[in-house]
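Next come the chains, spelled out residue by residue.
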Amino acid sequence: MKKIFICAAALATFGLGTASAQDIYKVEQVSTSDLDGDARFVGMGGAMGALGANISAMSTNPASTGLYRRNDMSLTAGLLAEPYNGTMQLGAGKTKGSFDQVGFVYSVDLENASGVKFVNMGFNYHKSKNFKNYIGMNNVALPKFMDNGVPQGMSQSWQFCDLAANLEGNLLDLGYDPDRELTTPTTLLAYDTYLIDAVDENGESVGERDVRIDRYVPSYANRYNYHRAQWGGIHDYDFNLSLNINERVYLGAVLGVHNVDMHSALLYDEELFQNGNVNDTGGYTMFTEETLTGSGVDGKFGLIVRPIEESPFRVGLSVTTPTAYDLESRAYAQLSTPYLDANGNTCSQNVELTNTYRIRTPWKLDVSAATTIGTRLALDAEYQMMNYSSVSVRYANTESWQAGNFSTDVYLQDEINNYLKNIHTLRVGAEARLSNNFSARLGYNYVTSSFDKDAYLNLLVDGSSYYYATNTDYVNLGATNRFTAGLGYHCGSFYFDVAYLHSRQNADVYAFHYNLEDRNGVKNDLPVQKFNLIRNQAMFTVGFKF
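**Student:** Go over the confidence of the model for the chain, please, and point to the residues and values.
**Tutor:** Chain-level statistics for the chain give a pLDDT mean of 88 and a share of 90% at 70 or above. Within the model, pLDDT remains below 50 along residues 8-19, and this stretch shows 27 contacts once partners closer than five positions in the same chain are excluded. Contacts from residues 399-403, a stretch scored under 50 in pLDDT, to residues over four places away or in other chains number seven contacts.

Here's what the structure looks like:
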């Protein structure tokens, strides 16, 4: 049937809402980390946990600083670049400079003391996660389904129609305030801008009439454009204490403080039509942006053992506790449609939301082995497992954040258990001493995907996490391959290192989720769009040992 092109003229802009959503994709983002640190550490692929005597290595094994016998300080800066297709990047530039690391180790020689030979204290700042990425796709065709002999093109509004019913499948009256509290804010924006229309049993728009809603009628579209940008990072501050026991056993601990500063923006638009394949309606646009800020704390405990006194071979073990994050999310969403209000103006509505909640990230376990061959070659190999079974999301039961009265979001917990997998990371690195002053390094990382093959953003669950969701899109990231190389030069107490990092990761991108046969179905009838996330990064470190 034809959609009535009328928009309620008296609708006011939404005020400040009570929450914006946390979901499995945000949990994954604050739980994972990049390869970052000083240039020597990156040049070896981050494989220095057992090799030790490197400031950045305290982030993987706190005992690594126990191998220091001198004081050390270093500072690292870098450049990060991603492929750019010339389309608008929503605030994310093509190439960004970054301040990646600064740290020191203060080594105390106990001289004639038996047992403990050195007590070392260190501090290191580094950016453990750089959120900078961009996904852009233009003129993506939407699938069409026949309805009474007329091809109707899928639209994001089809999912909004699904969300216009409660969890039991009963239609909500989105003109009635109590019912409006039972769906997502963007569904309300779609209703208020007539992207979806409530009709009676005769197919007539309900409007202001006091009649029974028979169904919601969506819009139809030919194609869409999708542009998503993220930037910001997670900043880590590590406070380290380590011991050297008889040059055979090294112990260490780190208190880690983490600061989250993540920004994202999405611009999504559809070419709408009313009948057939003609663009006779105009365009619909959705713009969302979100800022996620907060802080967290965790602990790391490490051990390195040299089992054979005459051999440089050593093994390492470290455990990282879950990071306990206190987070605040601020989100904004705006929908603009070509449908007209009573004054002949096109409809545009927006909503602002804020929320505070807590995320507890996974446990991490690292095992490593390293050795040196003569004075010319150093080798290190490491394995890390990150266990998502420890993850939880909690929200306050009262308005007072300090009250300590929090509950686990059990519905989101089910999504985490179903769709997030343990992550396995392999790191290998080698350093060759080319001369008395120059060294060369190579490294490689392989990181498995966090997501189950059926993972999706489920907006049909009974949880506070989703009642205030401002997005419908989701990106399932695949495994990551990182290749690194580096050079080092030292002259007296000064040293200079450079490193290059190339990272590749596949991404399955969905603008929204819709299942024609079952609105609760895992299958998405919207075809996946494949995208490659490629990152090239250069780092430069200057340091001083004394």
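There is more to say, and it comes next.
**Student:** Just give me the short version of the packing of aromatic side chains, but keep the residues and values in it.
**Tutor:** All told, the structure shown has 20 aromatic pairs when counted by the stated rule. A centroid spacing of 5.1 Å and a plane angle of 25° characterise the contact between tyrosine 25 and phenylalanine 451, whose relative ring orientation is stacked. In this pair, tyrosine 25 sits in helix H1 (residues 24-31) while phenylalanine 451 sits in the loop between strand E20 (438-447) and helix H7 (464-467), placing the two residues 426 residues apart along the sequence. Centroid distance phenylalanine 104 to phenylalanine 123: 6.4 Å. Interplanar angle 40°. Geometry classified as tilted. Taken together, the residues phenylalanine 104 in strand E2 (residues 95-109) and phenylalanine 123 in strand E3 (residues 116-130) connect sequence positions 19 residues apart. Three or more aromatic residues joined by ring pairs form one cluster here, namely Phe145, Trp158, Tyr220, Phe273 and Tyr514. The ring of tyrosine 495 has lysine 545 lying over it, and the distance from NZ or CZ to the ring centre is 5.7 Å.

**Student:** So what's going on with unusual backbone geometry? Which residues, and what values?
**Tutor:** Backbone geometry at alanine 53 places phi at a positive 55°, although glycine is not the residue there. Relative to the helices and strands, alanine 53 resides in the loop between helix H2 (39-43) and strand E1 (72-81). We classify alanine 53 as partly exposed; its relative accessible area is 23%. Of note in the backbone geometry, asparagine 246 takes a positive phi value of approximately 55° without being a glycine. Topologically, asparagine 246 is positioned in the loop between strand E9 (220-245) and strand E10 (249-273). Given a relative accessible area of 41%, asparagine 246 falls into the partly exposed group.

**Student:** Give a description of the pattern of salt bridges that names residues and reports values.
**Tutor:** Counting across every chain of the model gives 21 salt bridges. The salt bridge involving lysine 453 is made with aspartate 454; its shortest N-O contact spans 3.3 Å. Take lysine 453: its relative accessible area is 72%, and that puts it in the exposed class. Measuring nitrogen to oxygen at the nearest pair gives 3.6 Å for the salt bridge that ties lysine 523 to aspartate 525. Through salt bridges with shared partners, a single network forms among Arg40, Glu431, Arg441 and Asp497.

**Student:** So what's going on with helix H5 (residues 185-192)? Which residues, and what values?
**Tutor:** Among the eight residues that make up H5, eight are buried, leaving the element largely enclosed by the rest of the structure. Burial in H5 covers these residues: Pro185, Thr186, Thr187, Leu188, Leu189, Ala190, Tyr191 and Asp192. Looking one or two places after H5, you find tyrosine 194, whose phi comes out positive at around 60°.

Calculation notes
- Residues numbered from 1 in each chain as written.
- Predicted model: local features only at pLDDT ≥ 70, side-chain atom pairs only at ≥ 80, totals over all residues.
- Heavy atoms only, no water.
- pLDDT = per-residue confidence, 0-100.
- Contact = heavy atoms within 4.5 Å.
- Phe/Tyr/Trp six-rings, centres within 6.5 Å; stacked < 30°, edge-to-face > 60°.
- Helix = DSSP H or I, 4+ residues; strand = E, 2+ residues; numbered from the N terminus.
- Lys NZ or Arg CZ within 6 Å of the ring centre and 35° of its normal.
- Buried < 20%, exposed > 50% of the residue type's maximum accessible area, 1.4 Å probe, protein only.
- Salt bridge = Lys/Arg side-chain N within 4 Å of Asp/Glu carboxyl O.

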